[in-house]
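Residue-level listing of the chains:
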Amino acid sequence: MTLRQIVRSASLAAVLAVSASAAALAQEEGLAVGTRAPVISVHDLDGKLVDLGMWIGKRPVFLEFWATWCEQCAALLPRVKAAHAEFGDKVAFVGVNVSVNQTPARVRRYLAEHNPPFRTLYDDQGTSARAYEVPATSYVVILDRTGRIAYTGSGSDQPFDAALRKVTAP
């Protein structure tokens, strides 16, 4: 093996180790994978309570806890849009605005400008953030059709596509 091949192999191994670590860490935040998701109610932007039970336990759900000021959320948005384009007919996409330094008007302006592909809720009471043990914005929780957590993670480059494929498999 040449020096170049050794360096290339070592570099590839390092990249794979970092990727595996990132994927493993993504699964260690918040509620444990395999547990039943909390079925709670959260306000929408008009102050009306929305029962997450309208989706949880009935179909797969993609929940993202986000904020208008969250750079990682902004970086993640194209991937969320792509996931919605592929899975939106089989998965309920719900975005929960954490409402820290947010107003409904600010969130509405953001929605009009960026058009995220999810039903937006406004967690002004912190109900869902506490129930889902949200560690940070850009936190994603994917639920299977029985209401069990299939994936959790945060950051701008999450490996959630495999979880979406799994929860939508026949």
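A look at the overall build of the protein chain
Then step 1. Counting its secondary structure elements, the protein chain contains 5 helices and 7 strands.
Then step 2. Counted from the first residue to the last, the protein chain has its helices and strands arranged as α-β-β-β-α-β-α-β-α-β-β-α.
Then step 3. A burial count over the protein chain gives 43% of its 170 residues as buried.
Then step 4. Long-range pairs, those at least 24 residues apart, make up 74% of the contacts in the protein chain with a sequence separation of at least 6.
Then step 5. Roughly 8,900 Å² of accessible area belongs to the protein chain as shown, and the carbon and sulfur atoms make up 56% of that amount.

Focus on the sheet that holds strand β5 (residues 119–122)
Then step 1. With mixed pairing, 5 strands are arranged side by side in an open sheet as β5-β4-β3-β6-β7. Single-partner strands in this sheet number two, and they are β5 and β7 (149–153). Across the sheet, the axes of successive neighbouring strands diverge by a mean angle of 20 degrees, strand direction being ignored.
Then step 2. Contacting β3 (61–66), β4 (92–97) and β6 (139–143), helix α2 (residues 71–87) runs over the sheet at an angle of about 165 degrees to β3.
Then step 3. Helix-sheet contacts for helix α5 (residues 161–168) involve β3, β6 and β7, and the interaxial angle to β6 is about 20 degrees.

Brief notes about the pattern of salt bridges
Then step 1. Summed over the entire model, instances satisfying the criterion amount to 3 salt bridges.
Then step 2. A salt bridge links D46 to R108; the nearest nitrogen and oxygen atoms lie 2.8 Å apart. Of the two residues, D46 is situated in the loop between β1 (41–43) and β2 (49–51) and R108 in helix α3 (residues 104–114); the sequence distance between them amounts to 62 residues.
Then step 3. The partner of D161 in a salt bridge is R79, with the nearest N and O atoms 3.5 Å apart. Separated by 82 residues along the polypeptide, D161 in helix α5 and R79 in helix α2 bring together distant segments of the chain.
Then step 4. Under the relative-accessibility criterion, R79 is labelled partly exposed at 23%.
Then step 5. Several salt bridges converge on common partners, so that one network encompasses R79, D157 and D161.

Digging into the packing of aromatic side chains
Then step 1. One pass over the full model with this rule turns up 7 aromatic pairs.
Then step 2. Each ring, one from F62 and one from F93, has its centre 4.8 Å from the other, and the planes form 25 degrees; the classification is stacked. Of this pair, F62 sits in strand β3 while F93 sits in strand β4, and the two are 31 residues apart along the sequence.
Then step 3. Ring centres of W66 and Y110 lie 5.1 Å apart, and the angle between their planes is 35 degrees; on these two criteria the pair is classed as tilted. A residue pair is termed long-range when its members are at least 10 positions apart, and W66 in strand β3 and Y110 in helix α3 qualify at 44 residues. Here W66 and Y110 have matching classes, each one buried.
Then step 4. By way of ring pairs, the aromatic residues F62, F93, Y151 and F160 are connected into one cluster.
Then step 5. Directly above the aromatic system of F160 lies the positively charged group of R79, at a separation of 4.7 Å from the ring centroid.

Focus on α2
Then step 1. The terminal C-alpha atoms of α2 lie 24 Å apart, and with 17 residues this matches the ideal 24 Å at 1.5 Å per residue to within 8%.
Then step 2. Among all positions in α2, only C73, L76, L77, V80, A83 and F87 are buried.
Then step 3. Of the surrounding secondary structure, the elements contacted by the buried residues of α2 are β3, β4, α3, β6 and α5.

Brief notes about the packing of α2 against α5
Then step 1. Interhelical geometry of α2 versus α5 gives an angle of 20 degrees and a closest axis separation of 11 Å. It follows that α2 is roughly parallel to α5 by the angle criterion. Of the two possible hands of crossing, α2 and α5 adopt the one that is right-handed. When α2 is examined against α5, the residues R79, A83 and F87 are found in contact with a partner set consisting of D161, L164, R165 and T168.
Then step 2. Residues that form the contact of α2 with α5 fall into these classes: 3 nonpolar, 1 polar and 3 charged.

The rules behind the values
Residues numbered from 1 in each chain as written. Predicted model: local features only at pLDDT ≥ 70, side-chain atom pairs only at ≥ 80, totals over all residues. Heavy atoms only, no water. Helix = DSSP H or I, 4+ residues; strand = E, 2+ residues; numbered from the N terminus. Buried < 20%, exposed > 50% of the residue type's maximum accessible area, 1.4 Å probe, protein only. Contact = heavy atoms within 4.5 Å. Areas by Shrake-Rupley, 256 points an atom, 1.4 Å probe, with all protein chains shown as cover. Pairing = 2+ DSSP bridges. Axes fitted to C-alpha atoms, helices over the stretch in contact; angles between N-to-C directions. Salt bridge = Lys/Arg side-chain N within 4 Å of Asp/Glu carboxyl O. Phe/Tyr/Trp six-rings, centres within 6.5 Å; stacked < 30°, edge-to-face > 60°. Lys NZ or Arg CZ within 6 Å of the ring centre and 35° of its normal. Expected span 1.5 Å × (residues − 1). Parallel < 35°, antiparallel > 145°, perpendicular 65-115°, else oblique. Left-handed = near helix turned anticlockwise from the far one by under 90°. Nonpolar A, V, L, I, M, F, W, Y, C, P; charged D, E, K, R; others polar.

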